[in-house]
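# Per-entry structural report
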Amino acid sequence: MTCNILYDAQNVFAKILRKEIPCEAVFENEYALAFKDIHPKAAVHILVIPKGAYTDAYDFHAKASDKEISGFYQAINTVVDQLDLCKTGFKLVSHCGKNAGQEVFHYHVHLLADR
Ligand code: AMP
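So, a few notes on the structure that sits alongside this text. (Residues numbered from 1 in each chain as written. Predicted model: local features only at pLDDT ≥ 70, side-chain atom pairs only at ≥ 80, totals over all residues. Heavy atoms only, no water.)

Turning next to the overall build of the protein chain. Helix and strand counts for the protein chain come out as 4 helices and 5 strands. Overall, the protein chain shows an N-to-C arrangement of helices and strands of α-β-β-β-α-α-α-β-β. Rg of the C-alpha trace for the protein chain: 13 Å, near the compact-globule value of 13 Å for 115 residues, within the 12% margin. Along the longest, intermediate and shortest principal axes, the C-alpha atoms of the protein chain span 40 × 30 × 30 Å. A total of 115 residues make up the protein chain; the buried ones form 41% of that total. Sequence-distant contacts in the protein chain: of pairs separated by 6 or more residues, those separated by 24 or more amount to 55%. (Helix = DSSP H or I, 4+ residues; strand = E, 2+ residues; numbered from the N terminus. Rg over C-alpha atoms; globule rule 2.2 N^0.38 Å. Buried < 20%, exposed > 50% of the residue type's maximum accessible area, 1.4 Å probe, protein only. Contact = heavy atoms within 4.5 Å.)

Rendered as structure tokens:
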């Protein structure tokens, strides 16, 4: 079962992971990279992406290993702690598919907060 398209290794986040284009990184572990969104829609707008090649949330949850999944979601909490976002509250958003507004087809979670 799948609800996604084939992974395209030329997508912008794959290029960021390969360091072909720069990003403003805020955290990295073995399984995830977190960096500032280039067009922020809130005072804090961080994108957290897994290092593996997954197109969207459904693909990631279906195919990633338990280690990749826990390493990825732990990275989100680390960024939340780093930025002290439990005080303000925060939103996690992930678009899955074109119809839901997904533009970059490498799985990512938007971490949004207003100070
Ligand atoms: P989505 O609509 O969920 O696929 O969101 C893609 C997000 O990636 C948008 O919020 C863009 O502003 C952001 N984005 C695109 N290119 C870059 C880039 N080179 N560096 C940082 N963020 C980017």
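Okay, the site of the ligand next. With respect to spatial proximity, 17 residues lie near the ligand, and among them Asp37, His95, Glu103, His108 and His110 are the closest. Backbone polar atom of Gly101 to an oxygen atom of the ligand: 2.8 Å apart, as the coordinates give it. At 2.7 Å, a side-chain N or O of His108 approaches an oxygen atom of the ligand. In isolation the ligand exposes 510 Å². Once the protein is present, 88% of that is buried. At the level of elements, helix H1 (12–17) and strand S2 (32–36) are the ones that each hand at least two residues to the shell around the ligand. Looking at which element gives the most residues to the shell around the ligand, the answer is H1, with 3 residues. When grouped by side-chain class, the residues that make up the shell around the ligand number 7 nonpolar, 6 polar and 4 charged. (Near = heavy atom within 4 Å. Polar contact = N/O pair within 3.5 Å; in protein donor to acceptor, adjacent residues only side chain to side chain. Areas by Shrake-Rupley, 256 points an atom, 1.4 Å probe, with all protein chains shown as cover. Nonpolar A, V, L, I, M, F, W, Y, C, P; charged D, E, K, R; others polar.)

Side chains of nonpolar character tend, in soluble globular proteins, to be buried together. Counting 20 residues, the largest nonpolar core has Ile46, Val48, Phe72 and Tyr107 as its most contacted members. For this core, the elements supplying multiple residues, two or more each, are S2, strand S3 (44–50), helix H2 (57–63), helix H3 (66–82) and strand S5 (109–113). Not counting residues within four places of it along the chain, the set of residues in contact with Val48 comprises Ala32, Leu33, Ala34, Phe72, Ala75, Ile76, Tyr107, His108 and Val109. (Core = buried A, V, L, I, M, F, W, Y, C linked by side-chain atoms within 4.5 Å.)

Looking now at H3. In this model, H3 (17 residues) spans 24 Å end to end at C-alpha, consistent with the 24 Å of a helix rising 1.5 Å per residue. Buried within H3 we find Glu68, Gly71, Phe72, Ala75, Ile76, Val79 and Val80. Asp84 sits one or two positions beyond H3 and adopts a positive phi of about 60°. (Expected span 1.5 Å × (residues − 1).)

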